[in-house]
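Coordinates in review
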Amino acid sequence: MRDVSRRSAGRTKSDKPNPIDAHVGSRVRLRRTLLGMSQEKLGDAIGLTFQQVQKYERGANRIGASRLFKLSQVLDVPVSFFFDDMPAEAAAAAVDDDEAGGGGFEERSVTCEPDPMAKRETLELVRAYYRINDPSVRKQLFQMTKTLGDSSQNEQ
């Protein structure tokens, strides 16, 4: 029989998600959104509800190895994709192992800035950009965007 007193060492509902879980979840969301796939469609493909997919994407629920592998197949990316571009602060965060009662590790306080690549605005912009059929128009828009970004940076 499992010792329920161990659960107190795990994460409570008021705790923030582990930065690694949050990063992996944001990468799931990024790829799903880039593919134009709904949470419901992804959930159906991996045998979950859209609410469970939401929890994964927020980092509220940790994704197990077999589920991560299935996600990589459905989203057509290597498993390593989910760990790409991980901020150093997230990678340095201790993992709280619920089964081991915390494993003697203390989670470090980590403040991660939201990844601009995970924002809906960025994803919609990228999708719209690639819907432009004329490569020369796409290139002009790219150059204009870079110029505007550089001029905004110089004003600060």
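To be clear, the structure that these remarks concern was listed above.
The text that follows walks through the structure, step by step, so that each part is easy to find. Given the structure is predicted, the values throughout are model-derived calculations rather than measurements.

In terms of regular secondary structure, the chain is built from seven helices and zero strands. Going from the N terminus to the C terminus, the chain shows its helices and strands as α-α-α-α-α-α-α. When each of the 156 residues of the chain is scored for burial, the buried share is 27%. A separation of at least 24 residues holds for 65% of the contacts in the chain among residues at least 6 apart in sequence.

A few words now on the packing of aromatic side chains. In the structure shown here, the tally under the stated rule is two aromatic pairs. Residues tyrosine 129 and tyrosine 130 carry aromatic rings whose centres are separated by 5.0 Å and whose planes lie at 85° to one another, so their mutual orientation is edge-to-face. For tyrosine 130, a relative accessible area of 56% translates into the label exposed. If you follow arginine 27 out to its NZ or CZ, it ends over the ring of phenylalanine 81, 4.0 Å from the centre.

Helix H3 (residues 50–58) packs onto helix H1 (residues 19–34) with a crossing angle of 120° between their chain directions and a minimal axis gap of 5 Å. As judged from the angle between their axes, H1 and H3 are oblique. Across from Asp21, Ala22, Gly25, Ser26, Val28, Arg29 and Arg32 in H1, the residues of H3 making contact are Tyr56, Glu57 and Arg58. Split into classes, the residues belonging to the contact of H1 with H3 amount to three nonpolar, two polar and five charged.

The next subject is the environment of valine 53. Within the fold, valine 53 resides in helix H3. Separated by 15 residues in sequence, valine 53 and serine 38 place their C-alpha atoms 9.9 Å apart. Once you skip the residues sitting within four places of it in the chain, valine 53 turns out to touch Gln39, Leu42 and Gly43.

This brings us to the side chain of arginine 31. Its place among the elements puts arginine 31 in helix H1. This buried residue, arginine 31, is left without a salt bridge; aspartate 76 holds the nearest opposite charge, at 4.6 Å. Contact partners of arginine 31, with chain neighbours within four places excluded, come to Leu75, Asp76, Val77 and Phe81.

Attention now goes to the packing of helix H2 (residues 39–46) against helix H4 (residues 65–74). Here H2 crosses H4 at 120°, and the two axes come no closer than 10 Å. The angle between H2 and H4 falls in the class oblique. Helix-helix and strand crossings are classified by hand; for H2 and H4 the assignment is right-handed. Together, Leu42, Ala45 and Ile46 of H2 and Arg67, Lys70, Leu71 and Val74 of H4 make up the contact between the two elements. Tallied by class, residues from the contact of H2 with H4 come to five nonpolar, no polar and two charged.

We now examine the pattern of salt bridges. Considering all chains together, one arrives at three salt bridges under this definition. A salt bridge links arginine 27 to aspartate 85, with the shortest nitrogen-to-oxygen separation between them at 3.4 Å. Of the two residues, arginine 27 sits in helix H1 while aspartate 85 sits in the loop between H4 and helix H5 (88–92), which places them 58 residues apart along the sequence. Relative accessible area serves as the criterion here: at 64%, aspartate 85 is assigned to the exposed category. The salt bridge involving glutamate 57 is made with arginine 32; its shortest N-O contact spans 2.6 Å. Taken together, the residues glutamate 57 in helix H3 and arginine 32 in helix H1 connect sequence positions 25 residues apart. Classification of glutamate 57 by relative accessible area gives buried; the value is 8%. For arginine 32, a relative accessible area of 7% corresponds to the buried category.

Cut-offs applied
- Residues numbered from 1 in each chain as written.
- Predicted model: local features only at pLDDT ≥ 70, side-chain atom pairs only at ≥ 80, totals over all residues.
- Heavy atoms only, no water.
- Helix = DSSP H or I, 4+ residues; strand = E, 2+ residues; numbered from the N terminus.
- Buried < 20%, exposed > 50% of the residue type's maximum accessible area, 1.4 Å probe, protein only.
- Contact = heavy atoms within 4.5 Å.
- Phe/Tyr/Trp six-rings, centres within 6.5 Å; stacked < 30°, edge-to-face > 60°.
- Lys NZ or Arg CZ within 6 Å of the ring centre and 35° of its normal.
- Axes fitted to C-alpha atoms, helices over the stretch in contact; angles between N-to-C directions.
- Parallel < 35°, antiparallel > 145°, perpendicular 65-115°, else oblique.
- Nonpolar A, V, L, I, M, F, W, Y, C, P; charged D, E, K, R; others polar.
- Lys, Arg positive; Asp, Glu negative; His and termini not counted.
- Salt bridge = Lys/Arg side-chain N within 4 Å of Asp/Glu carboxyl O.
- Left-handed = near helix turned anticlockwise from the far one by under 90°.

Any functional reading would require information that these geometric values do not contain.
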